[in-house]
Amino acid sequence: MEALSRRRFARLALAAPAAAWLHPVLAQTGKLLVGYPAGGTLDTTARQLAGAWRKQGRLYIVDNRAGAAGRIASSQLKRERADGNTLLCTHTSALTIYPHVYTRLMYDAAADFVPVSPLVSATCAFAVSSAVPADRVKTLDDYVRWLRATPGAATYASPAAGSMAHFLGYQFSEARGLKLQHVGYRGSAPAMQDLLGGQIPAYFGFVADFLPYLKEGRARILGVTGDRRSRFLPGVPTFAEQGLPAIRGVETYGVFAPPGTADTTLQALHASVVAASKDPALIAAFEQVGLETFTLAPRDYAALVRREREAWGPVVRASGFRSEE
């Protein structure tokens, strides 16, 4: 989703008038670390948040420290002062899936981050290409039957090896005994190009990846992996509705503070994220690219991260996938 959302999301304006800031401790210019290049989904999420904060009278400068799948920026957070003036904006997979994937993680996912709040969520979806006959395959069960009759097509793609989408595909393969071979791309844009061109038969990605192509009928989505149907794809059933309740994947993008951040500062930061999440301009900007705004209290966000990390561990280990990068 990083590359595909770039053209649509990066055009949105960020300039806004200043207003009173919420907490006197957070008085100087802050820094918002992002582990990916400018223009991608995480970067533009951070910039939208910075724009909403500017309306509160607080200036945060986005600091892009791209590389190592976001791990460079994530590892930097623990070196920063715990005064609320340096934060990290990242996807929660960095703390829930990456600890099981990377042999050189560069940070302690349980100790080096203080969750402030999520800001948006992104649901995953499963789509098939024109290589899969539309008249015969309309549901996940249809796809399974077709694939068993067409074993040469037992391949699926994801935006990246080691991503949530990768492991959702693995779970689906195991649940239905399909022995699907995974192909990891470098971002969603090249994967979507090959899906739309029929070069790959199936793709696990984010709902946002498919939105530009729905009106043209070029994307055929068979299921979404949320607890409920996506508001952007109300006609597409969840995996749970189709008999696969264990296949669930919703990515969140959130804000984290350095370890040792005082509770008063943490609460002020959380209040500022909540206030930003109610900004109509921010909500509209996220909805345009298939992201839903939501927040949680720091304690609840920390609990969510722990649950997700525990849940993904057995899945990653069973897949046998590890990265030495």
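Everything that follows concerns the structure shown earlier in this document.
Chemist: In this structure, what is going on with the environment of Asp 112? I would like to understand it.
Modeler: Here Asp 112 shows up in the loop between α5 (98-101) and β4 (114-128). Judged by its relative accessible area of 12%, Asp 112 is buried. A C-alpha to C-alpha distance of 9.5 Å links Asp 112 and Phe 256, two positions 144 residues apart in sequence. If we skip the residues at most four places from it in the chain, Asp 112 touches Leu 77, Lys 78, Tyr 107, Ala 257 and Pro 259. Side-chain polar atoms of Asp 112 contact the backbone nitrogen of Asp 108, separated by 2.7 Å.

Chemist: Sorry if this is basic, but what is going on with the pattern of salt bridges here?
Modeler: Once their charged atoms are close, side chains differing in charge can pair, the charge on each being opposite to the other. Enumeration over the complete set of coordinates arrives at 12 salt bridges. A salt bridge links Lys 55 to Asp 279, with the nearest nitrogen and oxygen atoms 2.7 Å apart. You can see Lys 55 sitting in helix α2 (residues 41-55) and its partner Asp 279 sitting in the loop between α10 (263-277) and α11 (280-288), a full 224 residues away along the chain. For Arg 231, the salt bridge goes to Glu 287, with nearest N and O atoms at 3.1 Å. Of the two residues, Arg 231 is situated in the loop between β8 (220-224) and β9 (250-257) and Glu 287 in helix α11; the sequence distance between them amounts to 56 residues. Looking at Arg 231, the relative accessible area reads 48%, which means it is partly exposed. Among the ionic contacts, a cluster of salt bridges with common partners joins Asp 227, Arg 248 and Glu 308.

Rules of the game
- Residues numbered from 1 in each chain as written.
- Predicted model: local features only at pLDDT ≥ 70, side-chain atom pairs only at ≥ 80, totals over all residues.
- Heavy atoms only, no water.
- Helix = DSSP H or I, 4+ residues; strand = E, 2+ residues; numbered from the N terminus.
- Buried < 20%, exposed > 50% of the residue type's maximum accessible area, 1.4 Å probe, protein only.
- Contact = heavy atoms within 4.5 Å.
- Polar contact = N/O pair within 3.5 Å; in protein donor to acceptor, adjacent residues only side chain to side chain.
- Salt bridge = Lys/Arg side-chain N within 4 Å of Asp/Glu carboxyl O.

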